[in-house]
Protein chains: 2
Amino acid sequence: MPAVSEKGLKMPQSPIRKLVPFAEDAKKRGTKVYHLNIGQPDIKTPKIALEAVKNNDLNVLEYSRSEGSEVYREKIAAYYKKQSIYVNSEEIIVTTGGSEALLFTMGTIADTGDEIIIPEPFYANYNGFATAAGVNIVPVVSKIDDNFALPPISEFEKLITPKTKAILICNPGNPTGYLYSKEEILKLAEIVKKHDLFLIADEVYREFTYDGAEHYSIMQAEGLEEHAIIIDSVSKRYSMCGARIGCIVSKNKQVIDAALKFAQARLSPPTYAQIASEAALDTPQNYFDEVITEYVSRRNTLISELEKIDNVKVAKPKGAFYCIAELPIDDADDFAQWILEKFQLDNETVMVAPAAGFYSTPGIGKNQIRIAYVLKEEDLIKAVAVLKAALKEYTS
Amino acid sequence: MPAVSEKGLKMPQSPIRKLVPFAEDAKKRGTKVYHLNIGQPDIKTPKIALEAVKNNDLNVLEYSRSEGSEVYREKIAAYYKKQSIYVNSEEIIVTTGGSEALLFTMGTIADTGDEIIIPEPFYANYNGFATAAGVNIVPVVSKIDDNFALPPISEFEKLITPKTKAILICNPGNPTGYLYSKEEILKLAEIVKKHDLFLIADEVYREFTYDGAEHYSIMQAEGLEEHAIIIDSVSKRYSMCGARIGCIVSKNKQVIDAALKFAQARLSPPTYAQIASEAALDTPQNYFDEVITEYVSRRNTLISELEKIDNVKVAKPKGAFYCIAELPIDDADDFAQWILEKFQLDNETVMVAPAAGFYSTPGIGKNQIRIAYVLKEEDLIKAVAVLKAALKEYTS
């Protein structure tokens, strides 16, 4: 029997994949499962996007251009202008989700064995894209006690080798909810210029910032034109995760030229999803206002409920819709499975994502979980109540 | 300025990419351009697929399952059963087009520096996926004088090394239009079993077979369960190139397990396109009958028109909608550009794909072009007339 590749064996699994069968079993037993584990928002997709697809008049569902339709890219450029990011349509390549944007970017800037430095905990699928591209992730630990702020630049500096090609951040962060300040971005700008590296920012949660904090994009930093690469996506912005549309943005022409070749090989991004995504750009501001208000209120509820539990430490998120909580346990993998398998409160249980899968350094984050606050407040309250009761029983 | 990767520089461009600006210039001059260069059919997408999307009632455009929805995969399995391919839904992973199916498959079975043997000429984007995956393509030349039939198995045997992981065929072939016989498939089955390799078949043109010839799938060959991997796509079958839905099919559990991890990293295939693709499976048989009749008639017209030109050799295709023609010239790249740049007949010109880009061996196929017969017959006749007049002037 022919064997699969080392790469195929090494490809990491999602941190929650192992838990899925236990959640399914719980549901089969009639237990309600609150899903704090997923990044799938329950927020409605803007009507304008859904209607555009329903009203399409295509007779032949043709390929689009590999880089995305000209009209759509022009509209994306106009969207960025409103965010004080000044790019033109030639500096944008439409991709099949932020996922493909990341994969193309890794292939574009790094060869097999090259290194990308990423503050951890980080979005677990970065591991998958890196493995697929043959790239090594070099983690810098950020700490819950600092709210997951940018680690000292000296920590990055120590890790830079001739194989280092880029620093990658997620801002605001999944799974931390941390929003980098302008000062932090400028520090990163300095170090990438000094060492001639790329700075890649996954800014898919750009709009999700709270408490009046403003998002500062790497493309607002001066002198970073040749270094900055933005990874973007419509998935969370418009609650359109299933569209699978994102983009790569860079003013570095070599980057765009190389990424375009990856895009040409796979022909084109999905046509229907581009129709939806183009229309979504006309979503009225009050949609976002309502969504942000909802998330702030969910976050506040979640944090205050979590803070009521003894010995639980939580980093208050300033953006996105995740937070990391540290629990008085040794092994969140075991705990998360135990809740689903053995615990229920009034016939309800909860699924959380063990945070170890968001770290690259072995052994770190084993007592942490990631919580996505994508549920209604009343459900969040009940879910945390389950968590509290479960912790009490598990630790006793 | 940070440099892009070797891989990014090495990523091949589409064989026709260089010609695009010349075609655009011709159009700007008011010259009509017949596009014989592209694989985008003008055939209408089945109404049932378009209507399913128009009538969707989604409120939240959610992620689907990474492997594609259970219902859709069940229906795909039923489709295969009708093709005498016996698989269940667990043996299918839905992908974002055949492109992603190829990319995931290469990552699943080969590591950096591993080799895949492919009869050439082959679909040019195999080069792109191989470069992206770090895999080396080892070509076996198939010949226009043999109609691009399977090269002798001894030719494959000579090329097998410890790094060889698979043989990849496209059946029926793009760009050759060749349909492998059952005997040829069984010969390939023997050699992959003997050397413990995978046999990957890109069968996206499965339905496009002519003159009563029947498609024989690698998954119909006995004893090939652990070796066979089918690459499939809805793009050509239902004229839905812009959907971006395909799949990987294998009875080898390790292959499916590894490919699923690649699929999980990119979250899910596009949701709207899955709605269209699921509905497309109910396309009535008369749609295909009409399409096949149309293509046979186009092919016959194209071939008979080409055969009227002196010193043009053409391999009569038995499937798909491409053919390779050998012209009495030295450099089809130069010729194709010259036609667009300098030639017109009654203010019309033609764009063809130089075939060298479909070969991996340098210097082969330089006097060949690929013609896609995706135009109406009256346009095909005019396009070949332009080609004939252009050849006369170019060679004089």
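Counting restarts for each chain, with residues numbered from 1 along the sequence as it is written. In the order they appear in the text, chains get letters beginning with A and ligands get numbers beginning with 1. Reporting of local features is limited, given that this is a predicted model, to residues whose pLDDT is at least 70; pairs of side-chain atoms are given and counted only at 80 or more, and all residues count toward the totals for whole chains, interfaces and linings. Remark: hydrogens and water are excluded; side-chain values derive from all non-hydrogen atoms of the structure.

**Regarding the overall build of chain A**
Going along the chain from the N terminus, every DSSP run of H or I of four or more residues is numbered as a helix, and every run of E of two or more is numbered as a strand. When you go through chain A residue by residue, the secondary structure sums to 13 helices and 13 strands. On C-alpha atoms alone, chain A measures out to a radius of gyration of 21 Å, which is about the 21 Å that the 2.2 N^0.38 rule sets for 396 residues. Remark: exposure states derive from per-residue accessible area (1.4 Å probe, protein chains only) relative to the maximum for the residue type, with buried under 20%, exposed over 50%, and partly exposed in between. Looking at chain A as a whole, 64% of its 396 residues are labelled buried. The contact rule is simple, with two residues in contact once any of their heavy atoms fall within 4.5 Å. Sequence separation of at least 24 residues holds for 76% of the intrachain contacts in chain A that already meet a minimum separation of 6. Put simply, the radius of gyration uses C-alpha atoms, and a globule should come to 2.2 Å times the residue count raised to 0.38.

**Regarding helix H13 (residues 377–395) of chain A**
Residues and elements named next belong to chain A. Between its first and last C-alpha atoms H13 spans 27 Å; for 19 residues at 1.5 Å apiece the expected length is 27 Å, and the two agree. Residues of H13 that are buried: Asp379, Leu380, Ala383, Val384, Val386, Leu387, Ala390 and Leu391. An end-on view of H13 places all buried positions within 155 degrees of arc, on one side of the element. Along H13, exposed side chains directed more than 90 degrees from the buried face belong to Glu378 and Lys392. Residues of H13 that are buried in the fold lie against strand S1 (32–35), helix H11 (285–307), helix H12 (332–342), strand S11 (348–351) and strand S13 (368–372). Expected helix span is taken as 1.5 Å per residue step, with the number of steps being one fewer than the number of residues. Arc, as used here, means the arc of the directions from the helix axis to the C-beta atoms.

**What about the side chain of Asp232 of chain A?**
Residue and element names in this part refer to chain A. Counting through the fold element by element, Asp232 comes out in strand S7 (residues 228–233). Residue Asp232 is classed as buried on the basis of its relative accessible area of 1%. Contacts described as polar in this section are N or O atom pairs within 3.5 Å, which, within protein, must combine one atom able to donate a hydrogen with one able to accept it, while residues neighboring in sequence count only if both atoms come from side chains. Engagement of the side chain of Asp232 in a polar contact is seen with the side chain of Arg237, the distance being 2.7 Å.

**Points about unusual backbone geometry**
Cis peptide bonds are those with omega within 30 degrees of zero, and the linkage from Glu120 of chain A to Pro121 of chain A qualifies with 0 degrees. Here the bond from Asn171 of chain B into Pro172 of chain B is cis, since omega is -5 degrees, no more than 30 degrees from zero. Structurally, Pro172 of chain B can be placed in the loop between strand S5 (164–170) and helix H8 (182–195). A positive phi is found at Leu267 of chain A, a non-glycine position, where the angle reads about 75 degrees. Residue position: Leu267 of chain A is located in the loop between helix H9 (253–265) and helix H10 (271–280). Phi angles above zero are rare outside glycine, and Ser239 of chain B is one such case at about 50 degrees. Looking at the element boundaries, Ser239 of chain B is found in the loop between strand S7 (228–233) and strand S8 (246–250). When its relative accessible area of 1% is taken as the criterion, Ser239 of chain B is described as buried.

**Some thoughts on the interface of chain A and chain B**
The partner chain B presents 78 residues to the 79 residues of chain A that form the contact. Together chain A and chain B conceal approximately 6300 Å² of surface at their shared face, both sides included; 56% is due to carbon and sulfur atoms. The rule for a salt bridge is simple: a side-chain nitrogen of Lys or Arg has to be within 4 Å of a carboxyl oxygen of Asp or Glu. Our enumeration of links across chain A and chain B arrives at zero salt bridges. Our enumeration of links across chain A and chain B arrives at 36 residue pairs in polar contact (both at pLDDT 80 or more). Those elements giving two or more residues to the side of chain A that touches chain B turn out to be helix H1 (6–10), helix H3 (47–54), helix H5 (97–109), helix H6 (125–133), H9 and H10 of chain A. The element contributing the most residues to the side of chain A that touches chain B is H9 of chain A, with seven residues. Defined here as a combined quantity, buried area equals the accessible surface (1.4 Å probe) lost by two parts on assembly, summed across both.

**Observations regarding the environment of Gln337 of chain B**
Looking at where Gln337 of chain B falls in the secondary structure, it is placed in helix H12 (residues 332–342). Those residues in contact with Gln337 of chain B that lie beyond four places of it in its chain are Leu19 and Phe22 of chain B.

**Focus on the sheet that holds S7 of chain A**
Residue and element names in this part refer to chain A. Any two strands with at least two DSSP-identified bridges between them are counted as paired. Taking strand neighbours across the sheet as the criterion, the seven strands line up as S2-S8-S7-S6-S5-S3-S4 in an open arrangement whose pairing is mixed. Two strands lie at the open edges of the sheet, namely strand S2 (92–95) and strand S4 (136–141), each paired on one side alone. Within the sheet, the average angular offset between the axes of one strand and its neighbour, ignoring direction, is 20 degrees. Two strands pair when backbone bridges link them, and strand S3 (residues 115–120) and strand S5 (residues 164–170) are joined in this way by three bridges, in the parallel orientation. Its bridge partner lying in S5, Ile116 is registered against Ala166. In this fold H5 packs onto S2, S3, S5, strand S6 (198–202), S7 and strand S8 (246–250), with an angle of close to 155 degrees to the strand it touches most, S7. Lines fitted to C-alpha atoms define the axes here, with helix axes fitted over just the stretch in contact, and angles between the N-to-C directions of these axes take values from 0 to 180 degrees. Contacts from H9 reach S2, S6, S7 and S8, with the element oriented near 25 degrees to S2.

**Observations regarding the packing of helix H11 (residues 285–307) of chain B against helix H13 (residues 377–395) of chain B**
Residues and elements named next belong to chain B. Taken N-terminus to C-terminus, the directions of H11 and H13 make an angle of 20 degrees; their axes are 10 Å apart at the nearest point. The angle between the axes of H11 and H13 places the two elements in the roughly parallel class. Considering only the axes of H11 and H13, their crossing is right-handed. Of the residues in H13, those in contact with Ser297, Arg298, Thr301, Leu302, Glu305 and Leu306 of H11 are Glu377, Leu380, Ile381, Val384 and Leu387. Any angle from 65 to 115 degrees is called roughly perpendicular, while one under 35 is roughly parallel, one over 145 is roughly antiparallel, and all others are oblique. If you view the pair so one helix is near and one far, a crossing is left-handed when the near helix is turned anticlockwise from the far one by less than a right angle, and right-handed when it is turned clockwise.

**A word on the confidence of the model for chain A**
Close inspection of predicted coordinates is inappropriate for parts of the model with low pLDDT. One confidence number per residue, pLDDT, is output by the predictor and ranges from 0 to 100. Summing up the model confidence of chain A, the mean pLDDT is 96 and the portion of residues at 70 or higher is 100%. Of the two predicted TM-score estimates for the complex, the pTM is 0.96 and the ipTM is 0.95.

**With respect to the nonpolar core**
Across soluble globular proteins, you tend to see nonpolar side chains buried next to one another. As used in this record, nonpolar core signifies buried Ala, Val, Leu, Ile, Met, Phe, Trp, Tyr and Cys residues forming a set joined through side-chain atoms within 4.5 Å. Tyr80, Ile167 and Ile218 of chain A together with Tyr80, Ile167 and Ile218 of chain B are the most contacted members of the largest nonpolar core, which totals 231 residues. With near-sequence residues (within four places) excluded, Ile218 of chain A lies in contact with Ile169, Ile185, Leu199, Ile200, Ala201, Glu203, Leu224, Ala228, Ile229 and Ile230 of chain A. Grouped together as the second largest cluster of nonpolar side chains are 72 residues, Phe104 and Ile256 of chain A together with Ala132 and Phe262 of chain B included.

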